[in-house]
Amino acid sequence: MFAAFRRWRRQRAADRLTVTAAQWDAVEATLPFLAWLPADDRPALRRMALEFLADKEIHGAHGLQVTDAMLLSIALQACLPVLHIGLDAYAGWVGIVVYPGDFVIPRQDVDEDGVVHEYDDEVLGEAWDGGPVLLSWFDGDGDDAPDGVNVVIHEFAHKLDMGNGEVDGFPALPPGMSPQAWADAFRPAYEDFCRRVDAGEDTALDPYASQDPGEFFAVLSEAFFETPGRLAAEYPAVYEQFSRYYRQDPRAQEAAASTKI
């Protein structure tokens, strides 16, 4: 009952938001991977983005002014992974904090002798379980902008991963998907990728994915939506599982688009 009421309230709030076609087109032009969406999915993504904006609170940090274009861009990218899963996958939290560029998070580690080590961790984003999503924002194609990294998709993939408890590359799978099939595709791919990175190979996928299974899932989720053909070529079994989980097949649209060039 409460979930239904939350959806109703979100939909009513979204109905009061006005975005022109020109505004949508301008923002989407900066997100070329949206071209991999089937034509029928583009209006659905726009509508979900409005409901996302009605449901979440997005604030700038360190004096950053969050513009309407930034709001639309974040919403479109955040909603892309859940377009066929549903916004309820992001229920239970509301806050998104946007920083002007990368930012520092104070951390503590305890070593095996019980000694506490404090340090500053410079990051591009972070998702907190039950809490906000922290995102970096870079204007245009400045020198400081990270190359080949989609911070929004990455952090929201972590949020999906948290739906099954730990951030371990094993999100809550929908009915009909086999956890064993997911593990059989995911685990050997992760082990192979770590081996390649450790050997110094210049991998087609971001080597940051070798940090742990949670990062592997998030980085490969970026690749699934932005460079699906590359992911399918590197790890076809993982691509197949991602396609079933996200209920999308961007590789097919990417291939179709390339034949028109």
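We now turn to the structure provided with this report. (Residues numbered from 1 in each chain as written. Predicted model: local features only at pLDDT ≥ 70, side-chain atom pairs only at ≥ 80, totals over all residues. Heavy atoms only, no water.)

### Comments concerning the pattern of salt bridges
Then, number 1: The tally for this structure, following the rule as stated, stands at nine salt bridges.
Then, number 2: In this structure, Glu-28 engages Arg-46 in a salt bridge whose closest nitrogen and oxygen atoms are separated by 2.8 Å. Of this pair, Glu-28 sits in helix H2 (residues 21–28) while Arg-46 sits in helix H3 (residues 41–55), and the two are 18 residues apart along the sequence. Like Arg-46, Glu-28 is buried.
Then, number 3: What you see here is one network of salt bridges that share partners, running through Asp-192, Arg-195, Arg-196, Glu-201 and Glu-234. (Salt bridge = Lys/Arg side-chain N within 4 Å of Asp/Glu carboxyl O. Helix = DSSP H or I, 4+ residues; strand = E, 2+ residues; numbered from the N terminus. Buried < 20%, exposed > 50% of the residue type's maximum accessible area, 1.4 Å probe, protein only.)

### A few points about unusual backbone geometry
Negative phi characterises most residues that are not glycine, and trans characterises most peptide bonds.
Then, number 1: In this model, His-62 sits at a positive phi of 55 degrees, which is unusual for a non-glycine residue.
Then, number 2: Among the secondary structure elements, His-62 is positioned in the loop between strand S1 (57–60) and helix H4 (68–79).
Then, number 3: Residue class for His-62 comes out exposed when judged on its relative accessible area of 65%.
Then, number 4: Of note, Arg-247 is a non-glycine position whose phi angle comes to about 60 degrees, a positive value.
Then, number 5: Counting through the fold element by element, Arg-247 comes out in the loop between helix H9 (236–246) and helix H10 (250–259).
Then, number 6: With a relative accessible area of 42%, Arg-247 lands in the partly exposed category.

### Looking at H9
Then, number 1: Listed as buried for H9 are Val-238, Tyr-239, Gln-241, Phe-242, Ser-243, Tyr-245 and Tyr-246.
Then, number 2: Trailing H9 by a residue or two, Arg-247 shows a phi angle of about 60 degrees, which is positive.

### Quick look at the layout of surface pockets
Taking a probe equal in size to a water molecule and rolling it over the atoms shows the remaining empty space.
Then, number 1: Estimated volume of the second largest pocket: approximately 340 Å³.
Then, number 2: Lining the second largest pocket are 20 residues, and of these Gly-125, His-154, Glu-155, Tyr-208 and Glu-215 lie nearest its centre.
Then, number 3: The dominant element in the lining of the second largest pocket, judged by the number of residues it contributes, is helix H5 (residues 151–161), at four residues. (1 Å grid on protein atoms, 1.4 Å probe; cavity = no way out; pocket = protein on both sides within 12 Å on 5 of 7 lines; lining within 4 Å. Points joined across faces, edges and corners; volume = space filled by probe spheres on them.)

### Some thoughts on the environment of His-154
Then, number 1: With respect to the helices and strands, the residue His-154 is situated in helix H5.
Then, number 2: Overall, His-154 belongs to the buried group, its relative accessible area being 7%.
Then, number 3: Between the C-alpha atom of His-154 and that of Gly-125, which follows or precedes it by 29 residues, the distance is 8.4 Å.
Then, number 4: In this structure, His-154 is in contact with Tyr-208, Glu-215, Ala-218, Val-219 and Glu-222, ignoring residues within four places of it in sequence. (Contact = heavy atoms within 4.5 Å.)

### Side note on the packing of helix H6 (residues 179–198) against helix H7 (residues 213–226)
Then, number 1: Direction vectors running N to C along H6 and H7 enclose 100 degrees, while the axes themselves pass 11 Å from each other. When the axis of H6 is compared with that of H7, the two are roughly perpendicular. Together, Trp-182, Phe-186, Ala-189, Tyr-190 and Phe-193 of H6 and Pro-213, Phe-216 and Phe-217 of H7 make up the contact between the two elements.
Then, number 2: Partitioned by chemical class, the residues of the contact of H6 with H7 number eight nonpolar, no polar and no charged. (Axes fitted to C-alpha atoms, helices over the stretch in contact; angles between N-to-C directions. Parallel < 35°, antiparallel > 145°, perpendicular 65-115°, else oblique. Nonpolar A, V, L, I, M, F, W, Y, C, P; charged D, E, K, R; others polar.)

### Let's talk about the packing of aromatic side chains
Then, number 1: Under the criterion given, the structure shown has 23 aromatic pairs.
Then, number 2: Both rings, one in Tyr-90 and one in Phe-156, keep their centres 5.1 Å apart while their planes meet at 65 degrees; by these two values the pair is edge-to-face. A residue pair is termed long-range when its members are at least 10 positions apart, and Tyr-90 in the loop between H4 and strand S2 (95–100) and Phe-156 in helix H5 qualify at 66 residues. Judged on exposure class, the residue Tyr-90 and its partner Phe-156 are both buried.
Then, number 3: Geometry around Trp-93 places Lys-56 over its ring, the cationic atom sitting 3.9 Å from the centre.
Then, number 4: Over the face of the ring belonging to Trp-93 we find Lys-159, whose NZ or CZ atom lies 4.5 Å from the ring centre. (Phe/Tyr/Trp six-rings, centres within 6.5 Å; stacked < 30°, edge-to-face > 60°. Lys NZ or Arg CZ within 6 Å of the ring centre and 35° of its normal.)

### A look at H3
Then, number 1: Here H3 contains 15 residues, and its C-alpha end-to-end distance of 21 Å stays within 8% of the 21 Å for a straight helix at 1.5 Å per residue.
Then, number 2: For H3, the set of buried residues is Asp-41, Leu-45, Arg-46, Met-48, Ala-49, Leu-50, Glu-51, Phe-52 and Leu-53. (Expected span 1.5 Å × (residues − 1).)

Without other data, these values stay purely geometric and don't point to any function.
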